[in-house]
Amino acid sequence: MSHEEAQLERIVNLGGDRHKILEFYEDWASTYARDVVEGIGYTGHVLTAKAVTARVGPEAEILDVGCGTGLVAVELKQRRPALRIDGIDLTRGMLDEAEETQAYRSLVLGDMNHPLDADDDTYDGIVSSGVFTTGHVGPERIDELVRVARPGAPIVLAIRDTAWEGEGFSAHVDLLERQGRLRVEESRREPYLLKTGVFCQLCVLAAA
Ligand SMILES: C[S@@+](CC[C@H](N)C(=O)[O-])C[C@H]1O[C@@H](n2cnc3c(N)ncnc32)[C@H](O)[C@@H]1O
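If you're wondering where the values come from, they're calculated on a predicted model, not measured in any experiment. (Residues numbered from 1 in each chain as written. Predicted model: local features only at pLDDT ≥ 70, side-chain atom pairs only at ≥ 80, totals over all residues. Heavy atoms only, no water.)

**Some points on the overall build of the protein**
Broken down by element type, the protein carries eight helices and seven strands. Based on the C-alpha atoms only, the size of the protein along its principal axes is roughly 45 × 35 × 30 Å. Among the 208 residues that make up the protein, the fraction classed as buried is 52%. A separation of at least 24 residues holds for 67% of the contacts in the protein among residues at least 6 apart in sequence. When the accessible surface of the protein is split by element, carbon and sulfur atoms take 47% of a total near 9,400 Å². (Helix = DSSP H or I, 4+ residues; strand = E, 2+ residues; numbered from the N terminus. Buried < 20%, exposed > 50% of the residue type's maximum accessible area, 1.4 Å probe, protein only. Contact = heavy atoms within 4.5 Å. Areas by Shrake-Rupley, 256 points an atom, 1.4 Å probe, with all protein chains shown as cover.)

In structure tokens, the structure reads:
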């Protein structure tokens, strides 16, 4: 097993302990982007950026949840340079790397398992790749994304396929749709870690 694959195994086994997750990403921050893109062929940032830019205007306000080192925002800005992107992440070291990209309007240290410091109906689009998953942020926190998204705004999530079914994401999205709180615009399986054969569910929701 490669170093990068071993890292992914470790994340899944952290059991959702906030301090362990923080420590893990602090240690990984300086090589994370290279390790995941070159090491294991990560596609989440590209998939989510493409899906968001297809659905928002050129100067849209976007929230990147669990922005990490900024891979998603760099992709977004390459496609739409005038987007105004706010990032939030649990890990200082990851945010420091994100700052270097200069792709963000603002970067905030915060925990998605707590309420976001944003008014209702604030964002034109929300994106999150690799964050709503095993041991990180659970399905019920999608409700908070719906709260801060403007009506009709796309909420684009890349969720590892094992978590999509196994951790209740699919069931929770169905519930929110039945309750009329969002609409599922697209939900499909996509290659996620090209070098390890792992897939994700790419999910495009529209806030009600
Ligand atoms: C696999 S990385 C994905 C980073 C980025 N979205 C990307 O596509 O490269 C997961 C990120 O989620 C962050 N994270 C984990 N739990 C979090 C939480 N509860 N609130 C906010 N961010 C969290 C980690 O610090 C890490 O930067």
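**Section: the packing of helix H3 (residues 44–53) against helix H4 (residues 71–79)**
Interhelical geometry of H3 versus H4 gives an angle of 45° and a closest axis separation of 9 Å. As far as their axial angle goes, H4 and H3 are oblique. Read as a crossing pair, H3 and H4 show a hand that is right-handed. Contacts between H3 and H4 involve His45, Val46, Thr48, Ala49, Lys50, Val52 and Thr53 from the first element and Leu71, Val72, Glu75, Leu76 and Arg79 from the second. Looking at the contact of H3 with H4 residue by residue, the class counts come to six nonpolar, three polar and three charged. (Axes fitted to C-alpha atoms, helices over the stretch in contact; angles between N-to-C directions. Parallel < 35°, antiparallel > 145°, perpendicular 65-115°, else oblique. Left-handed = near helix turned anticlockwise from the far one by under 90°. Nonpolar A, V, L, I, M, F, W, Y, C, P; charged D, E, K, R; others polar.)

**A look at the environment of Phe199**
Position of Phe199 among the secondary structure elements: in strand S7 (residues 198–207). Given a relative accessible area of 27%, Phe199 falls into the partly exposed group. Phe199 sits 159 residues away from Ile40 along the chain, and the two C-alpha atoms are 12 Å apart. Setting aside residues no more than four positions away along its own chain, Phe199 makes contact with Arg160, Asp161, Arg189, Glu190, Pro191 and Tyr192.

**Re the site of the ligand**
Residues in close proximity to the ligand total 22 residues, the closest being Tyr32, Tyr42, Gly66, Asp89 and Thr91. One of the backbone nitrogen or oxygen atoms of Gly66 is found 2.8 Å away from a nitrogen atom of the ligand. Out of a free accessible area of 600 Å², the ligand has 96% covered by protein chains. More than half of the atoms belonging to the ligand lie within 2 Å of the grid points that define the largest pocket. (Near = heavy atom within 4 Å. Polar contact = N/O pair within 3.5 Å; in protein donor to acceptor, adjacent residues only side chain to side chain. 1 Å grid on protein atoms, 1.4 Å probe; cavity = no way out; pocket = protein on both sides within 12 Å on 5 of 7 lines; lining within 4 Å. Sits in = over half its atoms within 2 Å of the grid points.)

**Focus on the pattern of salt bridges**
Should the charged atoms of two oppositely charged side chains come close, the side chains can pair. For the structure shown, the criterion picks out 16 salt bridges. We note a salt bridge from Arg79 to Glu75, for which the minimum N-O separation is 2.6 Å. Here the residue Arg79 and the residue Glu75 both occupy positions in helix H4, the gap between them amounting to four residues, near one helical turn. Of the residues examined, Glu75 reaches a relative accessible area of 14% and is grouped as buried. A salt bridge links Arg147 to Asp120, with the shortest nitrogen-to-oxygen separation between them at 2.7 Å. Here Arg147 is found in helix H6 (residues 142–148), whereas its partner Asp120 is found in the loop between strand S3 (106–109) and strand S4 (125–129), with 27 residues between them in sequence. Judged by relative accessible area, Arg147 falls into the partly exposed class, the value being 25%. (Salt bridge = Lys/Arg side-chain N within 4 Å of Asp/Glu carboxyl O.)

**A word on the packing of aromatic side chains**
In the structure shown here, the tally under the stated rule is five aromatic pairs. Geometrically, the ring pair formed by Tyr42 and Tyr192 is edge-to-face, given 5.5 Å between the ring centres and 65° between the ring planes. One end of the pair, Tyr42, is in the loop between helix H2 (18–40) and H3; the other, Tyr192, is in strand S6 (residues 182–193), and 150 residues separate them in sequence. Each member of the pair Tyr42 and Tyr192 is classed as buried. Ring-pair connections join several aromatic residues into one group, and the members of that group are Phe24, Tyr25, Trp28 and Tyr32. Sitting above the plane of the Phe199 ring, Arg189 keeps its charged end 4.3 Å from the centroid. (Phe/Tyr/Trp six-rings, centres within 6.5 Å; stacked < 30°, edge-to-face > 60°. Lys NZ or Arg CZ within 6 Å of the ring centre and 35° of its normal.)

**Things to note about H2**
Taking 1.5 Å of rise per residue, the 23 residues of H2 would be expected to cover 33 Å, yet its terminal C-alpha atoms sit only 25 Å apart, more than 12% below that figure. Of all the bends in H2, the greatest measures close to 75° and is centred on Ala29. Inspection of H2 places Ile21, Leu22, Phe24, Tyr25, Trp28, Ala29, Tyr32, Asp35, Val36 and Ile40 among the buried residues, and these make up the whole buried set. Along its buried surface, H2 packs onto helix H1 (3–12), H4, helix H5 (92–101) and S6. At the N-terminal end of H2, a side-chain oxygen is found 2.9 Å from the backbone nitrogen of His19, two or three residues along, and the residue is Asp17. In the stretch just after H2, Gly41 is the one whose phi turns positive, near 70°. (Expected span 1.5 Å × (residues − 1). Bend = angle between axes of the 7 residues up to and from the residue.)

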